[in-house]
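Structural features, examined
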Amino acid sequence: MSATTGRIMSGEMAEQPAVLRRILSEGAPRIREVAEQIAARNPRFVLLTARGTSDNAALYAKYLLEIQLGKPCGLTSMSTTTAYGATPDLTDCLVITVSQSGGSPDLVASTQAARDAGAITLAVTNNADSRLAAVSEFHIDVLAGPEKALPATKTYTAELLALYLFVDGLRGGDGADRAKVLPDLAEQILARQDEVKQLAGRYRFAERMVLTSRGYGYPTAKEAALKLMETSYIPALSYSGADLLHGPLAMVDNVSPVIAIVPDGKGGEALQPVLDRLLDRGADLVVVGPKPQVEAASAGFVLPTEGVLEELQPILEILPLQMLAYEVTIARGQDPDAPRALAKVTETH
């Protein structure tokens, strides 16, 4: 392999503490302003629109909106408008479209259709000059800076923090103050690459993997699975812990690698019966989460979650899993900067 293999992805992962600081210092006032304007319109329900990595960020926002605000919230099926030409009545609905580039035609078209149907439209992007930002009534810039590696890393954590601040702003909270611990903790996690490299050895020859979590950790499981698939090409299946017990558990045995993301909070408590079942089946279980959970598993990565709200932990949870995808890919002799068959801006219709 070349000395430059993976250099772009590695560099962009390392930028994440600085990006989080930038959002908290420069982006938070604008996010709060947008949240206040939308809150004054009192939307009755929320629809989230996204693809790929941004879809996992949107799922995180769904949990926030439902738990923190009690708003009915769903993920849109864009083809209902872009392919089938449906014309729903979206009066008093908030439609949030999350996209790193803001350039995919279906995202732009569905957002324009939502606005035409009476929705309040908000674009959350890393490109203030994008077509998506232009057709949306409101826009939040996640301020991640140019992202050149094909696997999204810093834009994902930037989207999470921006969405957290926005949802908190809808209820008049002071989210920036509660999130100020994140950049320093992110630096501590990213400095532990040797631990992750050691974990990666377990998966060099893996033929498939299962990732699971519950609550706020579920979007992390989905995003980690996506990162592993797009960089190392390992088929990685992600399940809510509850769904895992409803059938897919049957495929787990003592040679099946399982990664569980265990939030320090109610999501982790809800996941405990799943962890017990996995251990009973002799699964090769790796836990990303609090120290006691890691010690009970085959191996793991202890997250510094003390004093961090459960709803903010996903911003930290994904970091060792991004590094894991990177290290597994390098160990398998592949380049995480440029996965085969992928383009940085995916244009779907």
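Structure: above.
First, a word on what this report is: a plain description of the structure on this page. (Residues numbered from 1 in each chain as written. Predicted model: local features only at pLDDT ≥ 70, side-chain atom pairs only at ≥ 80, totals over all residues. Heavy atoms only, no water.)

Let us now look at the sheet that holds strand 4 (residues 120–125). Spatially, 2-1-3-4-5 is the arrangement adopted by the five strands of the open sheet, whose pairing is parallel. Single-partner strands in this sheet number two, and they are strand 2 (73–75) and strand 5 (138–141). For this sheet, the mean inter-axis angle between neighbouring strands, taken without regard to orientation, is 20°. Taken together, the three bridges between strand 1 (residues 45–50) and strand 2 define a ladder with parallel strand orientation. Residue pairing for strand 2: Leu48 is matched across the bridge by Leu75. Against the sheet, helix 5 (residues 105–116) makes contact with strand 1, strand 3 (93–99) and strand 4, and its axis sits at roughly 165° relative to strand 3, the strand it touches most. Docked against the sheet, helix 7 (residues 154–170) engages strand 3, strand 4 and strand 5, running at close to 160° with respect to strand 3. (Pairing = 2+ DSSP bridges. Helix = DSSP H or I, 4+ residues; strand = E, 2+ residues; numbered from the N terminus. Axes fitted to C-alpha atoms, helices over the stretch in contact; angles between N-to-C directions. Contact = heavy atoms within 4.5 Å.)

Within the open sheet, the five strands sit side by side as 7-6-8-9-10. Their pairing is parallel. The outermost strands of the open sheet, each flanked by one partner alone, are strand 7 (236–240) and strand 10 (299–302). This sheet shows a mean twist of 15° between the axes of neighbouring strands, independent of strand direction. Direction of pairing for strand 6 (residues 209–213) relative to strand 8 (residues 257–261): parallel, over a ladder of three bridges. Pairing of Val210 across the sheet is with Val258, part of strand 8. Against the sheet, helix 10 (residues 193–200) contacts strand 9 (284–289) and strand 10, and its axis sits at roughly 160° relative to strand 10.

Here we take up the packing of aromatic side chains. The relative placement of two aromatic rings is captured by the distance of their centres and the angle of their planes. Taken as a whole and assessed by the stated rule, the structure comprises two aromatic pairs. Consider the rings of Tyr63 and Tyr216, whose centres lie 6.2 Å apart with planes at 50°: the pair is tilted. Placement of Tyr63 in helix 3 (residues 52–69) and of Tyr216 in the loop between strand 6 and helix 11 (218–232) is noted, with a sequence separation of 153 residues between them. Members of the aromatic cluster, connected to one another through ring pairs, are Tyr60, Tyr63 and Tyr216. Stacked on the ring of Phe301, the Lys or Arg Arg192 has its end atom at 3.8 Å from the ring centre. (Phe/Tyr/Trp six-rings, centres within 6.5 Å; stacked < 30°, edge-to-face > 60°. Lys NZ or Arg CZ within 6 Å of the ring centre and 35° of its normal.)

Across its 15 residues, helix 13 (residues 266–280) extends 22 Å between first and last C-alpha, which sits within 8% of the 21 Å expected from 1.5 Å per residue. In helix 13, a bend of some 40° at Gln272 exceeds every other bend along the element, and Pro273, a proline, comes one to four places later. Among the residues of helix 13, those classed as buried are Gly267, Gly268, Leu271, Val274, Leu275 and Leu278. The first or second residue beyond helix 13 is Gly282, which carries a positive phi of 75°. (Expected span 1.5 Å × (residues − 1). Bend = angle between axes of the 7 residues up to and from the residue. Buried < 20%, exposed > 50% of the residue type's maximum accessible area, 1.4 Å probe, protein only.)

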